[in-house]
Amino acid sequence: MIGIKENLDKVRQKIADAAKSTGRDPDEISIIAVSKTRSIDEIRQAIDCGLNILGENRAQELCEKYKLIGQQARWHMIGHLQTNKVKYILDKVDLIHSVDSLKLIKEINKRCKRQNKTMDILIQVNISGEESKFGVDQHELMELIHSAKNYKNVRIKGLMTIAPFYEDSEKVRPIFEKAKQLFDNIRGMELDYVDMRYLSMGMTNDYDIAIQEGSNMIRVGTGIFGQREY
Ligand SMILES: *Cc1c(COP(=O)(O)O)cnc(C)c1O
């Protein structure tokens, strides 16, 4: 037994503590159960525990699991997405967290337009600079958002960021704080083609800090399912 239920109870408690420590309502924070590398059986257990959004980081893996799980849960794409994979996931996912280029926006838009649908996306912003090669640099974020204006079949719903791993998890706080500032700034602009609603930040090691800094969508894998075995 892997104890998904027990793990999830702990995660929910930690969310509640983090939210309350900053006067927030825990109910406004969504948990994305990161199911990459997990078996169908584990995923079904998670769904039985009430987790209804699954996050996958590879298009192919998402499609394989979707065949078996389908709409028993909602699916989010959270990992780097190549333009040639877009077509496989558009009819399966509700939200793509990892959009970081105009090229990708154009491809999503083109495909959605053909199907007469709109896709919700988050712009992945790379705050820390060095660690990850994915995510738009924070100084290029506004340019990307402005250039998305003409692609009506893509709807920007917020931002996503991944903090680097530090032994001392407190070191991620300024990164999340910065992401929240960017989020609030963009929301304050009231652009009619942007609907800033979700700030996706926080993983197993740092979701409590992310929540304290304003995250309303956390992506948790290990904390729910235990250590990943590749
Ligand atoms: C794997 C992954 C997570 C979850 O990581 P854990 O440390 O297992 O919680 C979150 N976000 C992204 C983008 C991931 O690839």
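The rules behind each value
- Residues numbered from 1 in each chain as written.
- Predicted model: local features only at pLDDT ≥ 70, side-chain atom pairs only at ≥ 80, totals over all residues.
- Heavy atoms only, no water.
- Helix = DSSP H or I, 4+ residues; strand = E, 2+ residues; numbered from the N terminus.
- Rg over C-alpha atoms; globule rule 2.2 N^0.38 Å.
- Buried < 20%, exposed > 50% of the residue type's maximum accessible area, 1.4 Å probe, protein only.
- Expected span 1.5 Å × (residues − 1).
- Contact = heavy atoms within 4.5 Å.
- Core = buried A, V, L, I, M, F, W, Y, C linked by side-chain atoms within 4.5 Å.
- Near = heavy atom within 4 Å.
- Polar contact = N/O pair within 3.5 Å; in protein donor to acceptor, adjacent residues only side chain to side chain.
- Nonpolar A, V, L, I, M, F, W, Y, C, P; charged D, E, K, R; others polar.
- Phe/Tyr/Trp six-rings, centres within 6.5 Å; stacked < 30°, edge-to-face > 60°.
- Lys NZ or Arg CZ within 6 Å of the ring centre and 35° of its normal.
- Axes fitted to C-alpha atoms, helices over the stretch in contact; angles between N-to-C directions.
- Parallel < 35°, antiparallel > 145°, perpendicular 65-115°, else oblique.
- Left-handed = near helix turned anticlockwise from the far one by under 90°.
- Salt bridge = Lys/Arg side-chain N within 4 Å of Asp/Glu carboxyl O.

J.: Please explain the overall build of the protein chain as it appears in this structure.
T.: When its secondary structure is counted, the protein chain shows nine helices and nine strands. Taking 2.2 N^0.38 as the reference for a compact globule, 230 residues should give roughly 17 Å; the C-alpha atoms of the protein chain span a radius of gyration of 17 Å, in line with that estimate. By its C-alpha atoms, the protein chain is 50 × 40 × 30 Å across when sized along the principal axes. For the protein chain, with 230 residues in total, the buried portion stands at 53%.

J.: Is there a simple way to think about helix α1 (residues 4-21) in this case?
T.: Residues three or four positions apart in an α-helix share a direction because the helix packs 3.6 residues into each turn. When the terminal C-alpha atoms of α1 are compared, their 26 Å separation across 18 residues agrees well with the 26 Å that a helix rising 1.5 Å per residue should span. Those residues of α1 that sit buried are Ile4, Asn7, Leu8, Val11, Ile15, Ala16, Ala18 and Ala19. The elements touched by buried residues of α1 are β1 (30-34), α2 (40-48), α8 (207-212), β9 (217-220) and α9 (222-225). Following α1 by one or two positions, Gly23 adopts a phi angle in the positive range, close to 70 degrees.

J.: What exactly am I supposed to notice about the nonpolar core here?
T.: Note that soluble globular proteins tend to have their nonpolar side chains buried in a common cluster. Within the largest apolar cluster, 70 residues are counted, with the highest numbers of intra-cluster contacts made by Ile96, Ile108, Ile121, Ile123, Leu159 and Ile224. If we skip the residues at most four places from it in the chain, Leu159 touches Leu122, Ile123, Val125, Leu141, Ala179, Leu182, Phe183, Ile186, Met196, Tyr198, Leu199 and Ser200. Judged by nonpolar contacts, the second largest core, of six residues, contains Ile32, Leu95, Met160 and Met217.

J.: For this particular structure, what's the right way to read the site of the ligand?
T.: In the neighbourhood of the ligand, the contacting residues comprise Val34, Lys36, Ile78, Ile162, Met203, Thr204, Arg219, Val220, Gly221, Thr222 and Arg228. A distance of 2.9 Å is found between a nitrogen atom of the ligand and a side-chain nitrogen or oxygen belonging to Arg219. The residue makeup of the shell around the ligand, split by class, is five nonpolar, three polar and three charged.

J.: Which parts of the structure should I look at to understand unusual backbone geometry?
T.: Trans is the prevailing form of peptide bonds, just as negative phi is the prevailing case for residues other than glycine. In this structure, Thr37 takes a positive phi of about 70 degrees despite not being glycine. Mapped onto the secondary structure, Thr37 falls in the loop between β1 and α2. Thr37 gets classed as partly exposed once you look at its relative accessible area, which sits at 29%. With a phi close to 50 degrees, Glu190 is a non-glycine residue in the positive phi region. Mapped onto the elements, Glu190 comes out in the loop between α7 (173-189) and β8 (194-200). The exposure class of Glu190 is exposed, given its relative accessible area of 69%.

J.: Help me out: how do you make sense of the side chain of Lys92 in this one?
T.: Assignment of secondary structure puts Lys92 in the loop between α4 (86-89) and β4 (95-99). Assessed through its relative accessible area of 15%, Lys92 is described here as buried. A distance of 2.7 Å separates a polar side-chain atom of Lys92 from the backbone oxygen of Tyr88. Within the local environment of Lys92, its side chain forms a polar contact with the side chain of Asp91, the two groups lying 3.2 Å apart.

J.: What is the right way to look at the packing of aromatic side chains in this model?
T.: Ring pairs (aromatic) are described by centroid distance and by the angle formed between their planes. A full pass over the atoms with the stated rule returns one aromatic pair. We note Lys14 situated over the ring of Tyr207; from NZ or CZ to the ring centre the distance is 5.0 Å. Between the NZ or CZ atom of Lys92 and the centre of the ring of Tyr66, over which it lies, the distance is 5.7 Å.

J.: Quick question: what am I supposed to make of the packing of α2 against helix α3 (residues 59-69) here?
T.: Each packed pair of helices is defined by two parameters, the angle between the axes and the distance between the axes. Contact geometry of α2 with α3 gives a least axis separation of 11 Å together with a crossing angle of 60 degrees. Taken together, the axes of α2 and α3 are oblique relative to one another. Crossing of α2 over α3 shows right-handed handedness. On α3, the residues that touch Ile40, Ile43, Arg44 and Ile47 of α2 are Lys65, Leu68 and Ile69.

J.: Mind showing me how you'd approach the pattern of salt bridges here?
T.: Note that side chains of opposite charge can pair when their charged atoms are close. All told, the structure shown has 15 salt bridges when counted by the stated rule. The closest approach of N and O atoms between Asp184 and Arg187, which form a salt bridge, is 3.6 Å. Placement of the pair is Asp184 and Arg187 together in helix α7, with a separation of three residues, close to one helical turn. What makes Asp184 partly exposed here is its relative accessible area of 31%. Through salt bridges with shared partners, a single network forms among Glu56, Arg58, Glu61 and Lys65.

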